[in-house]
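A closer look at the structure
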Amino acid sequence: MSKPFKTLDDMGDITGKRVLVREDLNVPMAEGAVTDDTRLRATLPTVTELSDRGAIVLLLAHFGRPKTPSPDLSLALVTKPYEQVLGRPVRFIDWDGADAAVATLQPGDVALLENTRFFPGEEKNDPAVVARFARLGDLYVNDAFSAAHRAHASTEGLARTLPAYAGRAMEAELDALAKALGAPEHPVAAVVGGAKVSTKLDVLKHLVARVDHLIIGGGMANTFLAARGVKVGKSLCEHDLAGVAEEIMAAADRAGCTVHLPYDVVVATEFRADPPTRTVNVHEVAADEMILDIGPAAVEALGDVLKNCRTLVWNGPLGAFETTPFDRATVALARTAGALTVDGGLVSVAGGGDTVAALNHAGVADQFSFVSVAGGAFLEWMEGRELPGVTALTR
Ligand code: ADP
Ligand code: MG
């Protein structure tokens, strides 16, 4: 099937062509070392392929949030760690003298350009900055889905200026997301959990019209339960959003989407590791108790829902999974979803910072069809928003 965007397969002969490649190299660092190299590794398919095909690979990325150029937010700091992950030499190129430095590069060379945000116009998508980047390259590849929700010079402007292609990681992400919510196989289930309804209102509103089952867990389930008259004690709960929760449930009803709220929950009077807990029906939560996870009966029922679904999108843990034993429901349902995916019956796509951590904790991230590490961009996609960096590729 032809894709709505061009990929590296459409580039033809790129020997000696200068290819500007937007990647996400915004890695966490401590004492000069990269503490999590997931983002560096994600670039390898695109960068090695382009280099092997004889292109001059010019990496563009932002690093932190510099107000002005500063040495502690220079991508020079990432060059050595990146070189180690890539397993081939990487030349760092400062903005001063960039044109001359690029002119000395040979086919197959990989260079890392300085932090794009050292130009104040980068985040404003300033045409002058777009032109400054564009003159360094012949072609443009966007491989950074996680930065695609912002219309910046290096994400959106360049795609409109040079012949533009999706990199391999971008392509995989867009393919997976299209399968999950673009044109999914039904029935579709969505798990939405996490701390607060207020951060995911748009996600919930978008999903009710598209999925057959909306499974609500985490702290946000408390808000929905409270809206239905359940007394949630000292639980995290946004009582002021009761009306909004009711609206969402009504919209789901109209759209033929079944909303699943837990009917049993795990409660404690203190929030710490391994406190005394009770597993109770939602109507039995005491005034001094907090709901910190959904209960085993709910998890079993939700597993049965997933067994009858063809597609699953998941954002947000079902409980306070960082603290034992409140990881149980998330781990159990994630393992069910992982097993169903491995069996071939389910397409499962998950994303969100804490969700990825929770799936890793459950040991099932590699069983899911696709796990997005894109954070904000993934959430905006879950909200049904257009991502300017993606739109610019699909013109
Ligand atoms: P993501 O980063 O995947 O989008 P969120 O940031 O929305 O997810 O939510 C994750 C947080 O929600 C976790 O820190 C988790 O501890 C918290 N959480 C989940 N359930 C509860 C609960 N019942 N009470 C309090 N916090 C909860
Ligand atoms: Mg989070």
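Before any of the text, the structure's been laid out above.
The following refers to the structure shown.

The rules we used
Residues numbered from 1 in each chain as written. Chains lettered and ligands numbered in written order. Predicted model: local features only at pLDDT ≥ 70, side-chain atom pairs only at ≥ 80, totals over all residues. Heavy atoms only, no water. Buried < 20%, exposed > 50% of the residue type's maximum accessible area, 1.4 Å probe, protein only. Helix = DSSP H or I, 4+ residues; strand = E, 2+ residues; numbered from the N terminus. Pairing = 2+ DSSP bridges. Right-handed = clockwise from strand over helix to strand, strands pointing away. Contact = heavy atoms within 4.5 Å. Axes fitted to C-alpha atoms, helices over the stretch in contact; angles between N-to-C directions. Parallel < 35°, antiparallel > 145°, perpendicular 65-115°, else oblique. Nonpolar A, V, L, I, M, F, W, Y, C, P; charged D, E, K, R; others polar. Near = heavy atom within 4 Å. Polar contact = N/O pair within 3.5 Å; in protein donor to acceptor, adjacent residues only side chain to side chain. Areas by Shrake-Rupley, 256 points an atom, 1.4 Å probe, with all protein chains shown as cover. Salt bridge = Lys/Arg side-chain N within 4 Å of Asp/Glu carboxyl O. Left-handed = near helix turned anticlockwise from the far one by under 90°.

1. Examining the pairing of strand β7 (residues 139-142)
Taking every second residue as pointing to the same face, both faces of β7 are buried, with Leu-139 and Val-141 on one and Tyr-140 and Asn-142 on the other. Looking at chain direction, strand β1 (residues 18-22) and β7 are connected through four bridges and run parallel. The residue bridging Val-19 from the neighbouring strand is Leu-139, located in β7. Relative to strand β8 (residues 164-166), β7 is paired through three bridges, and the arrangement is parallel. Bridged to Tyr-140 within β8 is Ala-164. One crossover worth recording links β7 to the parallel β8 by way of helix α6 (residues 153-161), and it is right-handed.

2. Notes on the environment of Val-110
Of note, Val-110 is situated in strand β6 (residues 110-113). If near-sequence neighbours (up to four positions away) are discounted, Val-110 is found in contact with Val-47, Ser-51, Val-57, Leu-59, Leu-86, Pro-89, Val-90 and Arg-91.

3. Section: the packing of helix α9 (residues 218-227) against helix α10 (residues 242-255)
Their axes nearest at 8 Å, the elements α9 and α10 cross at an angle of 90 degrees. Judged by the angle between their axes, α9 and α10 are roughly perpendicular. The segment α9 lies against α10, with Thr-223, Phe-224 and Ala-227 engaging Ala-242, Ala-245, Glu-246, Ile-248 and Met-249. Of the residues that constitute the contact of α9 with α10, the class distribution is six nonpolar, one polar and one charged.

4. Considerations on the site of ligand 1
Neighbouring ligand 1 are 18 residues; Lys-200, Gly-319, Glu-322, Asp-354 and Thr-355 lie closest to it. One of the backbone N or O atoms of Ala-195 is found 3.1 Å from an oxygen atom in ligand 1. The side chain of Thr-355 places a nitrogen or oxygen atom 2.4 Å from an oxygen atom of ligand 1. About the coverage of ligand 1: the protein hides 82% of its 580 Å² of free accessible area. The greatest single-element share of the shell around ligand 1, amounting to three residues, is contributed by helix α13 (residues 353-362).

5. Things to note about the sheet that holds strand β13 (residues 278-281)
As summarised here, the arrangement of the three strands in space is β13-β12-β14, forming an open sheet in which the pairing is antiparallel. For this open sheet the edge positions go to β13 and β14 (290-294), each flanked by a neighbour on one side alone. For this sheet, the mean inter-axis angle between neighbouring strands, taken without regard to orientation, is 45 degrees. Sheet analysis places strand β12 (residues 264-268) next to β14, joined by four bridges and oriented antiparallel. Along β14, the bridge assignment pairs Val-267 with Ile-291. Sitting on the sheet, helix α11 (residues 296-307) is in contact with β12, β13 and β14, with an inclination near 35 degrees to β14.

6. Structural notes on the pattern of salt bridges
Scanning the entire structure with this criterion turns up 23 salt bridges. Across the salt bridge formed by Lys-3 and Asp-175, the nearest N and O atoms sit 2.6 Å from each other. Placement of Lys-3 in the segment before β1 and of Asp-175 in helix α7 (residues 168-182) is noted, with a sequence separation of 172 residues between them. Judged by relative accessible area, Asp-175 falls into the partly exposed class, the value being 31%. With a shortest N-O distance of 2.8 Å, Arg-53 and Glu-49 are connected by a salt bridge.

7. A short note on the packing of α11 against helix α12 (residues 328-342)
Look at α11 against α12: their axes get within 10 Å of each other, and the N-to-C directions meet at 20 degrees. By the angle between their directions, the pair α11 and α12 is classed as roughly parallel. Note on packing geometry: the crossing formed by α11 with α12 is right-handed. Between α11 and α12, the residues in contact are Val-299, Leu-302, Gly-303, Leu-306 and Lys-307 and Ala-329, Ala-332, Leu-333, Thr-336, Ala-337 and Leu-340, respectively. Class assignment for the residues of the contact of α11 with α12 results in eight nonpolar, two polar and one charged.

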